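# Understanding the architecture of this molecule
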Amino acid sequence: MSGPRKLFVKSFGCQMNVYDSHRMADTLAPEGFVETDAPEGADLVILNTCHIREKAAEKMYSELGRMRKLKQEAAHEGRKVLIAVAGCVAQAEGQEIIRRAPAVDLVVGPQSYHRLPHLVARAAGERAAGERIVDTEFPVEDKFDFLASPSREKTRARGVSAFITVQEGCDKFCTFCVVPYTRGAQVSRPVDKIIAEASRLADAGVREVTLIGQNVNAYHGEGPDGRAWTLGRLLHRVADIDGLARIRYTTSHPCDVDDSLIAAHRDLAELMPYLHLPLQSGADRILAAMNRRHTRADYLRVVDRMRAARADLALSSDFIVGFPGETEQDFRATVDVVEDIGYAGAFSFKYSPRPGTPAATMRQVPEEMKAERLHRLQAAINRQRAAFNAACQGRTLDVLLDKPGKRAGQLVGRSPYLQPVQIMAPASRVGEIVAVRITEIGSNSLFGTLASAATPGAPAAAERSAMPVLAAQGA
Ligand code: SF4
């Protein structure tokens, strides 16, 4: 393919997918593809799908129906549009997508994104001969070498905050989860490659990086000394990079929280005091059925240790209600642990079976019961979120200003706890970390006024001990 072409990538699901979408666009840029934010007029549409949430495949097929119409309209205008399906649904459904969705030209699994230029060129040529491509192999080459190699288009910074994949895949095999099947075995990138990518992003103006992986704290990448480094050690190294003021990581498994990670939370001001630590259920019986490999008491011990290391730490989590066999008593144990811990926020979902996973064949909880339990759990989580936000009123928080707001003269940024914070400030201040006095709590955002400039690279230390921590457990 040659000449400028428009690429529209739609991401479903998690941050891993957003990251992958950016890397796909980076990989296709040297082939003349320029990103556009609407599918109308695009030459290549990629749906980057997610298999974690409910009805993922149905959502994808209904989106494909919309894309098929666009493709037909373009054909009437004499334009050819290629449609690709990527991500975990592509990996799981493969040929089935080609069978059910005639408009799709290319199905590409998460391990093959670096082959996109080649696959797209083939699809463009082969389509004329009526052939369509499915690439859902787990290739032996390291896709990251191709996606972020200095010899190709460099990882591009998009704004002041960026994701870096440090680990991919999972060996835990929770009985409800497709990740070990769609993303494969756990693989960690070497430390020097992560540092090179983080340094490039910092040079391009990025102030905050989030290290991501399906099971990020199981990270064990090769360090420059030839040994396997832990995530805690990697975080220390990333914190040394000039220009990076904030570091986050997600998503963690409670069993993989080790001493080095706790030390990182204790020692690194750059590591934001906000930890997403999925619990899934508060009942040991259900945790065992989920194959989570830890008990409620194990989880509480991790929380205690984390809070002892960093007093201003806030927590979020994931919960599944209505897992097969969950009784009212099991469910209450989940609500109890939520009340005990005091979360700043949490995601909660009704269990829905994923084909091919062990839990899909277990005895299911009736749908109405799941809905009713979800309603109760979300009420408890929403109360905690509202209390956490309300406790910020009148306090001064460091805010990384990352983009203009909806109103003229307004900027939006993120607090250390990922809360959106809106202030009036000139656009020239995007990228700065500023101290903001919180004056109003909205339903989705906090509002505030500029206090004084914060120390670049460090959270407002004076505020750390004063930050609200909804801790019934812990230090
Ligand atoms: S640890 Fe997370 S990614 Fe791995 S199987 Fe369990 S839920 Fe899935």
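My aim in this report is to walk through the structure given alongside it, one point at a time. Model, not experiment: these values are computed from the prediction. Sequence positions are assigned chain by chain, starting from 1 and proceeding in written order. The model is predicted, so local features are restricted to residues of pLDDT at least 70 and side-chain atom pairs to those at 80 or more, both for listing and for counting; the totals for chains, interfaces and linings are taken over all residues. To obtain the side-chain values, all non-hydrogen atoms of the structure were included, while hydrogens and water were left out.

### Some details on the pairing of strand E15 (residues 396–404)
Put simply, the rule reads: One requirement defines pairing of two strands: DSSP has to find at least two bridges between them. By definition, any uninterrupted DSSP run of H or I lasting at least four residues is a helix, any uninterrupted run of E lasting at least two residues is a strand, and each is numbered from the N terminus.
The pairing of E15 with strand E18 (residues 433–441) spans 5 bridges and is classified as antiparallel. Pairing of Leu 400 across the sheet is with Ile 433, part of E18. Two strands pair when backbone bridges link them, and E15 and strand E16 (residues 410–414) are joined in this way by 4 bridges, in the antiparallel orientation. The partner of Pro 404 across the bridge, within E16, is Leu 411.

### Looking at the site of the ligand
What counts is decided by this rule: Neighbouring residues are identified by heavy atoms, a residue being near a molecule or strand if any of them is within 4 Å of it. Residues are grouped as follows: Ala, Val, Leu, Ile, Met, Phe, Trp, Tyr, Cys and Pro are nonpolar; Asp, Glu, Lys and Arg are charged; every other residue, Gly included, is polar.
Every residue close to the ligand is listed here: Cys 170, Lys 172, Phe 173, Cys 174, Phe 176, Cys 177, Val 179, Pro 180, His 253 and Arg 292. In terms of residue class, the shell around the ligand is built from 7 nonpolar, 1 polar and 2 charged.

### Details of the nonpolar core
Let me state the cut-off plainly: Here, nonpolar core means buried Ala, Val, Leu, Ile, Met, Phe, Trp, Tyr and Cys residues that are tied together by side-chain atoms lying within 4.5 Å of each other. Working definition: with a 1.4 Å probe on protein chains only, accessible area under 20% of the residue-type maximum means buried, over 50% means exposed, and in between means partly exposed. Only heavy atoms matter for contacts: two residues are in contact if any of them lie within 4.5 Å across the pair.
The biggest cluster of nonpolar side chains holds 54 residues, and the ones touching the most others in it are Leu 211, Leu 234, Leu 235 and Tyr 249. In contact with Tyr 249, not counting residues within four places along its chain, are Thr 210, Leu 211, Val 216, Leu 231, Leu 235, Leu 261, His 265, Leu 271, Leu 275 and Met 306. Within the second largest apolar cluster, 25 residues are counted, among which are Ala 57, Met 67, Val 81 and Val 107.

### Considerations on the environment of Ser 252
As for its placement among the helices and strands, Ser 252 is situated in the loop between strand E11 (246–250) and helix H10 (259–267). Each C-alpha atom, one on Ser 252 and one on Gly 213, is 8.3 Å from the other, the two residues being 39 residues apart in sequence.

### Describing the pairing of strand E17 (residues 420–424)
Pairing analysis gives 5 bridges linking E16 to E17, with the strands arranged antiparallel. If you follow Val 412 over to E17, its bridge partner there is Gln 422.

### A short note on the pattern of salt bridges
Opposite charge on two side chains lets them pair, provided their charged atoms get close. The line we're drawing: Any carboxyl oxygen of Asp or Glu within 4 Å of a side-chain nitrogen of Lys or Arg constitutes a salt bridge here.
A complete count under the given rule lists 29 salt bridges for this structure. Linking Glu 208 and Arg 248 is a salt bridge whose minimum nitrogen-to-oxygen distance equals 3.1 Å. You can see Glu 208 sitting in strand E10 (residues 208–212) and its partner Arg 248 sitting in strand E11, a full 40 residues away along the chain. Under the relative-accessibility criterion, Glu 208 is labelled buried at 4%. Arg 248 sits in the buried class, given a relative accessible area of 6%.

### Examining the sheet that holds E11
To keep it simple, the criterion reads: Only the stretch in contact is used when fitting a helix axis, every axis being a line fitted to C-alpha atoms; angles between N-to-C directions are given from 0 to 180 degrees.
The strand order across the open sheet formed by 3 strands is E7-E10-E11, and the pairing between neighbours is parallel. Because the sheet does not close on itself, it has two edges, and the strands there are strand E7 (161–165) and E11. Across the sheet, the mean angle separating the axes of adjacent strands is 25° when strand polarity is ignored. Pairing of E10 with E11, which is carried by 5 bridges, proceeds in the parallel orientation. In the strand pairing of E11, Ile 212 is matched with Thr 250. Across the sheet, helix H1 (residues 15–28) lies against E7, E10 and E11, angled at about 95° from E7, the strand it touches most. On the sheet, helix H8 (residues 191–203) packs against E7 and E10 and is oriented at approximately 165° with respect to E7.

### Focus: the environment of His 294
With respect to the helices, strands and loops of the structure, His 294 is situated in the loop between helix H11 (284–289) and helix H12 (296–309). Taking C-alpha positions, His 294 is 7.6 Å from Pro 254, a pair spaced 40 residues apart along the chain. Setting aside residues no more than four positions away along its own chain, His 294 makes contact with His 253, Pro 254, Cys 255, Leu 279, Leu 287 and Tyr 299.

### Details of the packing of helix H9 (residues 231–239) against H10
Quick note on the threshold: Throughout, the term roughly parallel applies to angles under 35 degrees, roughly antiparallel to angles over 145, roughly perpendicular to angles from 65 to 115, and oblique to all others.
Running from N to C, H9 and H10 point in directions that differ by 30°, and their axes come no closer than 7 Å. In this view, H9 runs roughly parallel relative to H10, as classed from their interaxial angle. Here Leu 231, Gly 232, Arg 233, Leu 235 and His 236 of H9 lie close against H10, whose contacting residues are Ser 260, Leu 261, Ala 263, Ala 264 and Asp 267. Across the contact of H9 with H10, the residue classes break down as 5 nonpolar, 3 polar and 2 charged.

### Some words on the packing of H12 against helix H13 (residues 328–341)
Running from N to C, H12 and H13 cross one another at 10°; their axes reach a closest spacing of 12 Å. Considering the angle they form, H12 stands roughly parallel to H13. Judged by residue contacts, Arg 296, Tyr 299, Leu 300, Val 303 and Arg 307 of H12 engage Ala 333, Asp 336, Val 337, Asp 340 and Ile 341 from H13. Among the residues making up the contact of H12 with H13, the classes are represented as 6 nonpolar, no polar and 4 charged.

### Details of unusual backbone geometry
For the bond from Thr 250 to Thr 251, the omega torsion is 5°, close enough to zero to count as cis. In this fold, Thr 251 is placed in the loop between E11 and H10. Residues other than glycine seldom take positive phi values, yet Gln 280 does so here, at roughly 75°. As for its position among the elements, Gln 280 is in the loop between strand E12 (274–276) and H11.

### Re the sheet that holds strand E13 (residues 314–321)
Strands sit in the order E12-E13-E14 across an open sheet of 3 strands; the sheet is parallel. Each edge of the sheet is formed by a strand with only one pairing partner; in this case those strands are E12 and strand E14 (345–350). Ignoring strand direction, the axes of neighbouring strands in this sheet form an average angle of 10°. Where E13 and E14 come together, 6 bridges link them in parallel fashion. What sits directly across from Ile 320, in E14, is Phe 349.

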